[in-house]
Number of protein chains: 2
Amino acid sequence: MEIKPVAVYHSPLKEKFGLPRQSGIVPALRGRVTLLPEYKSGDALRGLEDFDYIWLVWGFHLNREGSGEGRLTVRPPRLGGNQRIGVFASRSPYRPNPLGLSSVRIVSVHPEKGIIEVEGADLADGTPVYDIKPYVEYADSHRGVRSGFVDKHSWEQLELRVKDGLGDRLGENELKAVCELISQDPRPRYQNDPERIYHLKYGSFDVDFNIFGKTAEIIDIRKIR
Amino acid sequence: MEIKPVAVYHSPLKEKFGLPRQSGIVPALRGRVTLLPEYKSGDALRGLEDFDYIWLVWGFHLNREGSGEGRLTVRPPRLGGNQRIGVFASRSPYRPNPLGLSSVRIVSVHPEKGIIEVEGADLADGTPVYDIKPYVEYADSHRGVRSGFVDKHSWEQLELRVKDGLGDRLGENELKAVCELISQDPRPRYQNDPERIYHLKYGSFDVDFNIFGKTAEIIDIRKIR
């Protein structure tokens, strides 16, 4: 089946590094779903303002070309990267059809502009969106259910420090989002070098930080020219 | 993007008539997801036995050819069929990319056979499945959220009677599934003819029933030859 994008996702995060590892874990992170011109008449989003969440079905467009194709197992970062599980028991981007699925909170709907402002998405800037569906609690929400290896291996959140005087360089919500992003520990698995300076690109800002043990410190925030 | 089926869904329901209108509303209804041969090695489902639910991303293969294409609004049966809402505020099968999304309960996983037995699906027999993902509660479950027109317009369940002596013609679970299917009122919207006999095809059985007011009665169950 041939599927075509219906929308594009816009986010302050343009690269894979720093992206939330799942939807909902960085709730302060804002972005917008923008319908393609042919869906922008104002009709396609009518009634969506009465929902709190939507599903996005989207494409993993940042996948490395050809990698993972045809593989039936993956090594989730949550398992330390050295244990293999079946691709259909994981949410890995490397899967037979590279489709992502994320529930995100609606902040506001602008039908006439074809825009949905959302929070908590794990999509990078420029991600093609193939479908938007309303989140329906009675069919989509299950509580007290077993979630396999995800239950057994939680992420440890990092403590976060911001060097004096830097906090003002970002707006309040932006600083919150940046702190939540870094506290989820965006390092590649197994990397542990306290000397290393990491760079998070957030919108028009470069955020430098390092990690000592369980604490991350933001050491610089620079506007990109 | 070109996507290819990874599995096929097998259900006792081969037609659109009688299909649950959403996943989860007919919990006794069983079916199986069967991986295509290239995914059947036993690896692709490894670890899935530790999850209670999966997501299926599937194709609405029973859509009437060409119908609904390019339309930006739909008329949900739940709204009586006479009110239009945006296609992205609905779960209608008639959408720009005819992709369905359903969370279904895992009954058992058979990795070496490439089979997942499930309950509560709203997919017809033969439906192509494009992706299988584990249901992850912390990311996928939201409670107390607004679900738009779905909250305001509930389905009325029908009372169900089974004519004496017919119950034994089906197994216990099958009878339960058939009763749940009919009690969700599978009639097309606005149809209200107490004389009419409806036929539900369930596996190798034809189930005849009629509906008076708020009560459905199963009047015959015949094995199809």
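These numbers come from a predicted model, not from an experiment.

Colleague: Go over the overall build of chain A, please, and point to the residues and values.
Modeller: For chain A, the count of helices and strands is three helices and twelve strands. Over its C-alpha atoms chain A spans a radius of gyration of 18 Å, differing by no more than 12% from the 17 Å that the globule rule assigns to 225 residues. Relative to its full complement of 225 residues, chain A shows a buried share of 54%. Contacts spanning at least 24 positions in sequence make up 69% of the contacts within chain A whose residues lie at least 6 apart. Carbon and sulfur atoms provide 48% of the accessible area of chain A, an area that totals close to 10,200 Å².

Colleague: Explain the interface of chain A and chain B residue by residue, including any values.
Modeller: With 67 residues of chain A in contact, the opposing surface of chain B contributes 67 residues. Buried area between chain A and chain B, summed over both chains or domains, comes out near 6,600 Å², and the portion from carbon and sulfur atoms is 55%. Of all residues in chain A, Met1(A), Phe88(A) and Arg146(A) bury the most surface against chain B, accounting for 13% of the area lost on that side. Asp140(B) is paired through a salt bridge with Arg91(A); the nearest N and O atoms lie 2.9 Å apart. Counting residues per element, the ones that place at least two in the side of chain A that touches chain B are β3 (53-59), β5 (85-86), β6 (99-110), β8 (128-134), α1 (137-140) and α2 (148-152) of chain A. The element contributing the most residues to the side of chain A that touches chain B is β8(A), with five residues. For the side of chain A that touches chain B, the residue count by class is 32 nonpolar, 16 polar and 19 charged.

Colleague: So what's going on with the relation of the copies chain A and chain B? Which residues, and what values?
Modeller: Take chain A, turn it by 180°, move it 0.0 Å along the axis, and it overlays chain B with an RMSD of 0.0 Å. Put plainly, the chains are arranged around a two-fold axis. Taken as a fraction of all interface residues of chain A, those also at the interface in chain B reach 100%, which identifies the copy contact as same-surface.

Colleague: Quick one: what's the story with the sheet that holds strand β3 (residues 53-59) of chain B, residue by residue and with numbers?
Modeller: All names here are of chain B. Pairing in this closed barrel of six strands is antiparallel, and the strands run β1-β2-β7-β6-β3-β8 around the ring. Here the strands of the sheet are splayed against their neighbours by 45° on average, with no regard to which way each runs. With five bridges connecting them, strand β6 (residues 99-110) and strand β7 (residues 115-119) associate as antiparallel partners. Counted as the bridge partner of His110 is Ile115 from β7.

Colleague: A description of the packing of aromatic side chains should follow, citing residues and the corresponding values.
Modeller: In the structure shown here, the tally under the stated rule is 17 aromatic pairs over all chains. Taking 4.7 Å as the distance between ring centres and 70° as the angle between the ring planes, the aromatic pair formed by Trp55(A) and Trp55(B) counts as edge-to-face. Of the two residues, Trp55(A) sits in strand β3 while Trp55(B) sits in strand β3, which places them in two different chains. Considered together, Trp55(A) and Trp55(B) belong to a single accessibility category, that of buried residues.

Colleague: Can you lay out the sheet that holds strand β2 (residues 30-35) of chain A for me, pointing to particular residues and giving the numbers?
Modeller: All names here are of chain A. The sheet built from six strands closes into a barrel, its strands ordered β1-β2-β7-β6-β3-β8 with antiparallel pairing. If you compare each strand with its neighbour and ignore which way they point, the axes differ by 45° on average. Here strand β1 (residues 7-10) runs beside β2; their pairing, made up of four bridges, is antiparallel. Looking across to β2, one finds that Ala7 is bridged to Leu35.

Colleague: Can you break down unusual backbone geometry residue by residue, with the values?
Modeller: Residues and elements named next belong to chain A. Unlike most non-glycine residues, Asp185 shows phi in positive territory, near 60°. Checked against the element boundaries, Asp185 lands in the loop between α3 (172-183) and β10 (198-202). On the basis of relative accessible area, Asp185 is assigned to the buried category, the value being 16%.

Colleague: Which residues make up the pattern of salt bridges, and what values do they have?
Modeller: Considering all chains together, one arrives at 32 salt bridges over all chains under this definition. Linking Asp131(A) and Lys133(A) is a salt bridge whose minimum nitrogen-to-oxygen distance equals 3.0 Å. Each member of the pair, Asp131(A) together with Lys133(A), is buried. A salt bridge links Glu156(B) to Lys214(B), with the nearest nitrogen and oxygen atoms 3.6 Å apart. A residue pair is termed long-range when its members are at least 10 positions apart, and Glu156(B) in the loop between α2 (148-152) and β9 (159-162) and Lys214(B) in the loop between β11 (205-212) and β12 (215-223) qualify at 58 residues. Assessed through its relative accessible area of 52%, Glu156(B) is described here as exposed. Given a relative accessible area of 48%, Lys214(B) falls into the partly exposed group. Look at the salt bridges and you will find they share partners, linking Arg169(A), Asp208(A), Asp220(A) and Arg222(A) into a network.

Colleague: Explain the side chain of Asp52(A) residue by residue, including any values.
Modeller: Considering the arrangement of structural elements, one finds Asp52(A) in the loop between β2 and β3. In terms of polar contacts, Asp52(A) uses its side chain to reach the side chain of Arg146(B), at 2.9 Å. Contact partners of Asp52(A), with chain neighbours within four places excluded, come to Val104(A), Arg105(A), Ile106(A), Val145(B) and Arg146(B).

Colleague: Got a sec to walk through the nonpolar core? Specific residues and values, please.
Modeller: Membership of the largest hydrophobic core comes to 34 residues, with the highest contact counts inside it found for Phe88(A), Leu48(B), Ile54(B), Leu56(B), Ile116(B) and Ile132(B). Elements represented by at least two residues in this core include exactly α2 of chain A together with β1 (7-10), β2 (30-35), β3, β6, β7 and β8 (128-134) of chain B. Not counting the four nearest positions on each side in its chain, Ile54(B) is found in contact with Leu48(B), Ser102(B), Ser103(B), Val104(B), Ile106(B), Ile116(B), Val118(B), Ile132(B), Lys133(B), Pro134(B) and Tyr135(B). Counting residues in each nonpolar core, the second largest holds 33 residues, with Val129(A), Phe88(B), Phe149(B) and Val150(B) among its members.

Colleague: Could you give an account of a positive patch on the surface, with specific residues and numbers?
Modeller: Residues and elements named next belong to chain A. Together, Lys16, Arg64, Arg71, Arg75, Arg84 and Arg189 make up a positively charged patch on the protein surface. By the secondary structure assignment, Arg75 is in the loop between β4 (73-74) and β5. The exposure class of Arg75 is partly exposed, given its relative accessible area of 38%.

What counts and how
- As a convention, each chain's residues are numbered from 1 in the sequence order in which they are written.
- To label them, take the chains in the order written and letter them from A, then take the ligands in the order written and number them from 1.
- Predicted model: local features are reported for residues with pLDDT of at least 70 only, side-chain atom pairs are reported and counted for 80 or more only, and whole-chain, interface and lining totals are derived from all residues.
- Excluded from the side-chain calculation are hydrogens and water; included are all heavy atoms of the structure.
- Helical segments are the DSSP runs of H or I of at least four residues, strand segments are the runs of E of at least two, and each set is numbered from the N terminus.
- Taken over C-alpha atoms, the radius of gyration is set against a globule rule of 2.2 Å times the number of residues to the power 0.38.
- Burial classification: accessible surface area is computed with a 1.4 Å probe over protein chains only, and a residue below 20% of its type maximum counts as buried, one above 50% as exposed, and the rest as partly exposed.
- Any two residues whose heavy atoms approach within 4.5 Å at even a single point are treated as in contact.
- Surface accessibility in these figures is a Shrake-Rupley result with a 1.4 Å probe; residues are shielded only by whichever protein chains are displayed.
- Put simply, buried area is the surface a 1.4 Å probe can reach on two separate parts but cannot reach once they are joined, added for both.
- Counted as salt bridges are all cases of a side-chain nitrogen of Lys or Arg within 4 Å of a carboxyl oxygen of Asp or Glu.
- Gly is put with the polar residues, along with every residue not named as nonpolar or charged; the nonpolar set is Ala, Val, Leu, Ile, Met, Phe, Trp, Tyr, Cys and Pro, and the charged set is Asp, Glu, Lys and Arg.
- Here the copies are superposed with least squares, the fitted atoms being C-alpha atoms of residues at a pLDDT of at least 70 in both.
- Any two strands with at least two DSSP bridges between them are considered paired.
- For helices, the fitted axis covers only the stretch in contact; all axes are lines through C-alpha atoms, and the angles between them, taken along N-to-C directions, range from 0 to 180 degrees.
- Only Phe, Tyr and Trp rings take part, Trp by its six-membered ring, and two of them pair if their centres are within 6.5 Å. Stacked means planes under 30 degrees apart, edge-to-face means over 60, and tilted covers everything else.
- A 3.5 Å cut-off defines polar contacts: any pair of N or O atoms within that distance qualifies, except that in protein one atom must be a possible hydrogen donor and the other a possible acceptor, and neighbouring residues in sequence count only when both atoms are side-chain atoms.
- Among the buried residues, those of types Ala, Val, Leu, Ile, Met, Phe, Trp, Tyr and Cys that are joined through side-chain atoms within 4.5 Å form a nonpolar core.
- Residues with no salt bridge and a relative accessible area higher than 30% make up the patches, which join like charges within 9 Å and nonpolar side chains (Val, Leu, Ile, Met, Phe, Trp, Tyr) within 5 Å.
- His is not counted, nor are the chain ends, whereas Lys and Arg count as positive and Asp and Glu as negative.
- By convention, the point assigned to a charge is CZ for Arg, NZ for Lys, CD for Glu and CG for Asp.

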